[in-house]
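Take a look at the letters that make up each chain.
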Amino acid sequence: QIDDLAEVDYSLNSLPAVFRPFIDLDLKGVVFPAGNHTDSPYVAASFTIPDQSDSMLYLALSEYFFQTSSFAYYTAGAFNVTIAEEVTTHLFSLSFIFLQTCSYFNINTEIFGSIIPEVAKYSVTPYPVMLKLMATEIPVISLEQDSFTVEIQGSMEVLAVLPDSTTQSLFTMNIAANTSISLNIFDQKLMGSLCLNRIQFSLAHSNVGSFEILLLENILSYILQTEVIPSANAKLSKGFPLP
């Protein structure tokens, strides 16, 4: 069990191969949604560890391991994020999923209205704003030396929180994000640090009329950098158990 959302299978694929100078262990290394061993859409490719003898133990993780991790957490809904000012604090166990009170997240419709005139016309009274982010596809993993990149296709819905606690959707944007995660091993755990490389927005739907999305890019990028990325790194710093 990794956390409440996922578990990993490190069982042997075959009997240990014993040689005079070393022993080879071929482990599965497959991540599943917790309690749901659904087959992932990926196929494991064979690979070999470079012939070295400077250390007592060598551990190799294939791209397949990270791909199944992405599939498992996506299936478990871990890439869904809600950011609001007045909600009960509850931090889930994966870096990308949280429903969290943010004392410094005080963006309201008045602020959006100062940037987008259409919002000002639509909502005269200032209301708190809630953001709902979700991945619309399984994030794509590409393994590199000491790190990997994650391509995320998703959406962000911006909603006004009305006095009766109901919400009213203002607009929804498509998001295409490229992130990288640097890796290291400490205390038998695989740890990482997330960095947002680039992000693109496009307007998917609007209840306030059409507007130029470039006006919002700075504020939305700021929200992601100050809300989502730090929460992701807080989880990644806890580590991923290794066999």
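All of these numbers come straight from a predicted model, not from anything done at the bench.

Chemist: Sorry, what's going on with the packing of aromatic side chains here?
Modeler: What describes a pair of aromatic rings is the distance from one ring centre to the other and the angle between the planes of the rings. Tallied over the entire structure, the rule returns 5 aromatic pairs. Measuring from ring centre to ring centre gives 6.0 Å for Phe 112 and Phe 171, while their planes differ by 75 degrees; the resulting arrangement is edge-to-face. Highlighted residues: Phe 112 in helix α2 (residues 109–115) and Phe 171 in strand β11 (residues 167–186), separated in sequence by 59 residues. Phe 112 sits in the buried class, given a relative accessible area of 0%. Considering the side-chain rings of Phe 171 and Phe 211, the 5.0 Å spacing of their centres and the 70 degrees angle between planes classify their relative orientation as edge-to-face. You can see Phe 171 sitting in strand β11 and its partner Phe 211 sitting in the loop between β12 (189–206) and α4 (217–236), a full 40 residues away along the chain. On the basis of relative accessibility, which here comes to 9%, the residue Phe 211 falls in the buried class. Put simply, the rings of Phe 65, Phe 66 and Phe 148 touch in pairs and so form one group of aromatic residues.

Chemist: In this structure, what is going on with the side chain of Asp 9? I would like to understand it.
Modeler: Along the polypeptide, Asp 9 turns up in strand β1 (residues 6–9). Separated by 2.7 Å, the side chains of Asp 9 and Ser 11 make a polar contact. Not counting residues within four places of it along the chain, the set of residues in contact with Asp 9 comprises Lys 28, Gly 29, Val 30 and Phe 32.

Chemist: Honestly, α4 in this entry has me stumped. Any pointers?
Modeler: Because each turn of an α-helix spans 3.6 residues, side chains separated by three or four positions in sequence point in the same direction. Over its 20 residues, α4 extends 26 Å from the first C-alpha to the last, a length consistent with the 28 Å expected when each residue adds 1.5 Å. Within α4 the residues assigned to the buried category are Ile 219, Leu 220, Ile 223, Leu 224, Glu 227, Val 228, Ile 229, Ser 231, Ala 232, Lys 235 and Leu 236.

Chemist: Would you explain the pairing of β12 in this entry?
Modeler: Two faces belong to every sheet, and in a regular strand the side chains alternate between them. For β11 and β12, the ladder comprises 16 bridges, and the chain directions are antiparallel. Within β12, the position partnered with Asn 178 by the bridge is Arg 198. The hairpin turn running from β11 into β12, its antiparallel successor, is 2 residues long, and Asp 187 in that turn takes a positive phi close to 55 degrees. The pairing of β12 with strand β13 (residues 240–241) spans 2 bridges and is antiparallel. Residue pairing in the sheet places Leu 190 in a bridge with Phe 240 of β13.

Chemist: Help me out: how do you make sense of a nonpolar patch on the surface in this one?
Modeler: Together, Leu 12, Val 18, Ile 23 and Leu 25 give the surface a local cluster of nonpolar side chains, amounting to about 400 Å² of exposed area. Considering the arrangement of structural elements, one finds Leu 12 in the loop between β1 and β2 (17–18). The exposure class assigned to Leu 12 is partly exposed, which follows from its relative accessible area of 42%.

Chemist: I would appreciate a short explanation of the domain arrangement of the protein chain in the present structure.
Modeler: Quoted interface sizes are often the accessible area lost when the parts come together. With domains assigned, the protein chain is organised as domain 1 (1–77) and domain 2 (79–242). Its C-alpha centre places domain 1 at a distance of 30 Å from the equivalent point of domain 2. Taken together, the 21 residues of domain 1 in the interface contact 21 residues of domain 2. Contact with domain 2 buries area across many residues of domain 1, yet Phe 66, Tyr 74 and Gly 77 alone supply 32% of it, more than any other trio. Summed over the shared surface of domain 1 and domain 2, the number is 0 salt bridges. Linking domain 1 with domain 2 are 6 residue pairs in polar contact (both at pLDDT 80 or more), by the criterion used here. Ranked by residue count, the leading element in the side of domain 1 that touches domain 2 is helix α1 (residues 63–75), at 9 residues. Of the residues in the side of domain 1 that touches domain 2, the class split is 13 nonpolar, 5 polar and 3 charged.

Cut-off values and rules
Residues numbered from 1 in each chain as written. Predicted model: local features only at pLDDT ≥ 70, side-chain atom pairs only at ≥ 80, totals over all residues. Heavy atoms only, no water. Phe/Tyr/Trp six-rings, centres within 6.5 Å; stacked < 30°, edge-to-face > 60°. Helix = DSSP H or I, 4+ residues; strand = E, 2+ residues; numbered from the N terminus. Buried < 20%, exposed > 50% of the residue type's maximum accessible area, 1.4 Å probe, protein only. Polar contact = N/O pair within 3.5 Å; in protein donor to acceptor, adjacent residues only side chain to side chain. Contact = heavy atoms within 4.5 Å. Expected span 1.5 Å × (residues − 1). Pairing = 2+ DSSP bridges. Patch = residues over 30% accessible without salt bridge, like charges linked within 9 Å, V, L, I, M, F, W, Y side chains within 5 Å. Areas by Shrake-Rupley, 256 points an atom, 1.4 Å probe, with all protein chains shown as cover. Salt bridge = Lys/Arg side-chain N within 4 Å of Asp/Glu carboxyl O. Domains from an automatic or database assignment. Buried area = accessible area lost by both parts, 1.4 Å probe. Nonpolar A, V, L, I, M, F, W, Y, C, P; charged D, E, K, R; others polar.

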